Amino acid sequence: MADNDLTSPFLSPPPSDHPHLILTIQDDTDTESHHNHNGIHTHQSTSADHHHHSRNPFAFLGSDGLTVPVSTTADPFRNHTLEITGIYEWLKIGICLPIALVRLVLFGASLLIGFLATKLALQGWKDKKSPMPRWRCRIMWITRVCTRCILFAFGYHWIRRKGKPSPRDIAPIVVSNHVSFIEPIFYFYELFPTIVASESHDSLPFVGTIIRAMQVIYVNRFSASSRKHAVSEIKRKASCGRFPRVLLFPEGTTTNGRYLISFELGAFIPGFAIQPVVVRYPHVHFDQSWGHISLAKLMFRMFTQFHNFMEVEYLSVVSLFDNKKESATRFSERTSHAIATALNVVQTSHSYGDLMLLMKASQLKLKLERPSAYMVEMASVKSLLHISSMEAVDFLDKFLSMNPDPRGHVHYHDFLKVLRLKTCSFSEEICAFMDVEKSGVITFKQFLFGSAHVVKQPLFRRACEFAFSECVSGESDHVSEQKFGESIRPAIPDLNEDEVRELFNLFDSDNDGRISKEDFLTCLRINPLLIALFSPCLHNKDISEDGNRLVEEIV
């Protein structure tokens with residue numbers, strides 16, 4: 001046997017004349033997987049599905065087909081111990097009930113004393129835009145001690161810390177993950193920072209007064225002007241050494257701590273150095289996250305635990321690169337990556353908008369098998385489709401009216417019923433366009449992406465205006481039912497009078513027997529898929545960019 005050294009292969013290669021076996025594997029699945037330019041894994045329909053060579057009903061708008069990112073099963077807002085289960089947990093609650101009463105008294109007394117101390121510190125203070133005077137800050141130490149007593153009442157008898165806060169002149173801004181209402185209480189005691197909070201917090205009893213003492217920066221997340229003002233206030237207070245450091249929770253809402261959702265950019269636009277902080281709540285029986293659980297229930301569970309564990313870790317300061325030309329987006333990505341790495345969790349593109357969608361679906365008391373079916377990772381949706389969270393909620397309203405099943409799926413007959421369409425080849429083309437996975441049902445994500453895809457087509461608005469001009473007759477500025485029927489019958493030739501009236505009433509919001517231009521355009525904006533009804537009558541019309549003259553005449 002020949003000697004072999006460590007670099008020699010164990011098996012010698014076959015001779016060059018050795019026959020090779022080549023296997024060709026053909027993929028015959030109904031869908032192909034694609035990656036778009038943002039790296040998102042997507043499904044796109046192919047010509048090999050059961051709708052062989054189905055016509056794209058929106059091709060006249062310039063659409064080349066619908067692409068929908070694959071849905072994730074991640075649920076960053078789920079509390080994993082929503083229900084009390086197990087003999088141990090019930091026994092522990094029974095034992096702790098007397099202790100809970102004592103804790104409740106301690107909580108109430110601490111909150112009252114802290115409130116009175118804060119009222120004293122704020123008494124007669126007029127210039128709220130300037131830093132709080134030193135003597136008033138000394139009074140606020142009473143409130144800070146009270147907040148530590150509140151944490152003790154909630155079962156946080158000791159809090160493990162790792163690392164230390166950096167000096168304010170090095171990192172004037174602190175950002176943290178957000179899991180519970182406990183973190184703001186802890187940071188109030190630990191750092192007494194200026195915080196950025198929702199305007200609604202100001203009206204909270206007792207707590208609103210204490211928040212004002214922190215010289216809070218209020219923001220309305222749905223107002224662009226409010227967000228812009230908040231950024232300027234962050235920059236002003238972070239640049240002035242006499243103000244406390246600024247604390248932000250860039251996720252914008254609480255999660256269950258098992259994921260890190262997308263960051264808002266408010267903390268990163270000013271360009272100051274940032275110290276990330278991570279908070280963990282190790283547990284076995286009781287998930288302390290403020291997910292989809294009521295505040296009263298969460299507080300009760302905290303009061304009836306022997307001890308609640310909390311860990312706080314201060315990470316290394318993250319600064320802009322030396323050239324100072326780094327974008328706020330890139331700055332936030334580096335910071336979020338540092339936090340996700342420290343937490344050892346997955347980053348997702350969910351945002352507060354996803355929580356809005358989930359709560360909207362839950363309001364109908366739906367027995368959801370998979371609540372994540374109504375979440376679409378709004379951060380990526382905003383980037384791809386340029387629609388707001390409120391617009392997504394409006395589309396969800398429409399989708400929920402289609403009677404989705406517990407899995408969040410809408411069947412074709414319910415989908416067509418809400419759009420007032422009858423079963424025909426035209427309706428099947430619209431359904432096939434939306435059902436990119438060819439599963440026979442439509443999900444909310446498909447409905448949202450499909451509707452937004454049609455709306456964002458450059459020729460959509462122009463096509464709506466042309467369609468209205470085709471539906472009016474003579475000098476009239478309204479659409480009659482007869483003319484409306486004549487305009488849509490080329491798309492669905494066998495419509496009877498009752499079916500035409502059903503569609504007409506969908507456009508006629510005033511129920512006065514005629515459709516104004518405003519009503520016509522509003523209906524198509526709410527139900528953009530219906531623009532396909534008018535594609536035959538627009539077939540020979542110039543709705544491209546070269547059709548400006550006719551559009552001006554219509555407008």
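Model, not experiment: these values are computed from the prediction.

Overview of the overall build of the protein chain
Point 1. In terms of helices and strands, the protein chain carries 18 helices and 16 strands.
Point 2. When burial is assessed residue by residue, the protein chain has 50% of its 555 residues classed as buried.
Point 3. Of the roughly 28,700 Å² that the protein chain leaves accessible, carbon and sulfur atoms contribute 56%.

Considering the UniProt feature "transmembrane region" (unreviewed entry) in the protein chain
Point 1. Following the UniProt record, the feature "transmembrane region" (unreviewed entry) maps to residues 90-118 and 139-159 here.
Point 2. Along residues 90-118 the backbone is 100% helical and 0% strand, and the end-to-end C-alpha distance reaches 39 Å.
Point 3. The distance from the first to the last C-alpha atom of residues 139-159 is 24 Å, and the span holds 71% helix and 0% strand.

Some thoughts on the nonpolar core
Point 1. Ranked by size, the top nonpolar core spans 76 residues in total, and within it Phe415, Leu421, Phe484, Phe507, Phe520, Ile531 and Phe534 carry the most contacts.
Point 2. Per-element tally for this core: the top contributor is helix H14 (residues 460-471), with 7 residues.
Point 3. Here this core spans two domains, and each of domain 2 (352-456) and domain 3 (459-543) adds at least three residues to it.
Point 4. Not counting the four nearest positions on each side in its chain, Leu421 is found in contact with Leu416, Phe426, Ser427, Ile430, Ile492, Leu503, Leu530 and Leu533.
Point 5. With 46 residues, the next largest nonpolar core counts Leu151, Ile185, Leu191 and Phe286 among its residues.

As for the side chain of Ser362
Point 1. Here Ser362 is to be found in helix H8 (residues 352-362).
Point 2. At a separation of 2.9 Å, a polar atom in the side chain of Ser362 contacts the main-chain carbonyl oxygen of Leu358.
Point 3. Leaving out residues up to four positions away in the same chain, Ser362 has contacts with His292 and Leu368.

Thresholds applied
- Residues numbered from 1 in each chain as written.
- Predicted model: local features only at pLDDT ≥ 70, side-chain atom pairs only at ≥ 80, totals over all residues.
- Heavy atoms only, no water.
- Helix = DSSP H or I, 4+ residues; strand = E, 2+ residues; numbered from the N terminus.
- Buried < 20%, exposed > 50% of the residue type's maximum accessible area, 1.4 Å probe, protein only.
- Areas by Shrake-Rupley, 256 points an atom, 1.4 Å probe, with all protein chains shown as cover.
- UniProt positions renumbered as here; feature names shortened; annotations may be inferred.
- Core = buried A, V, L, I, M, F, W, Y, C linked by side-chain atoms within 4.5 Å.
- Domains from an automatic or database assignment.
- Contact = heavy atoms within 4.5 Å.
- Polar contact = N/O pair within 3.5 Å; in protein donor to acceptor, adjacent residues only side chain to side chain.

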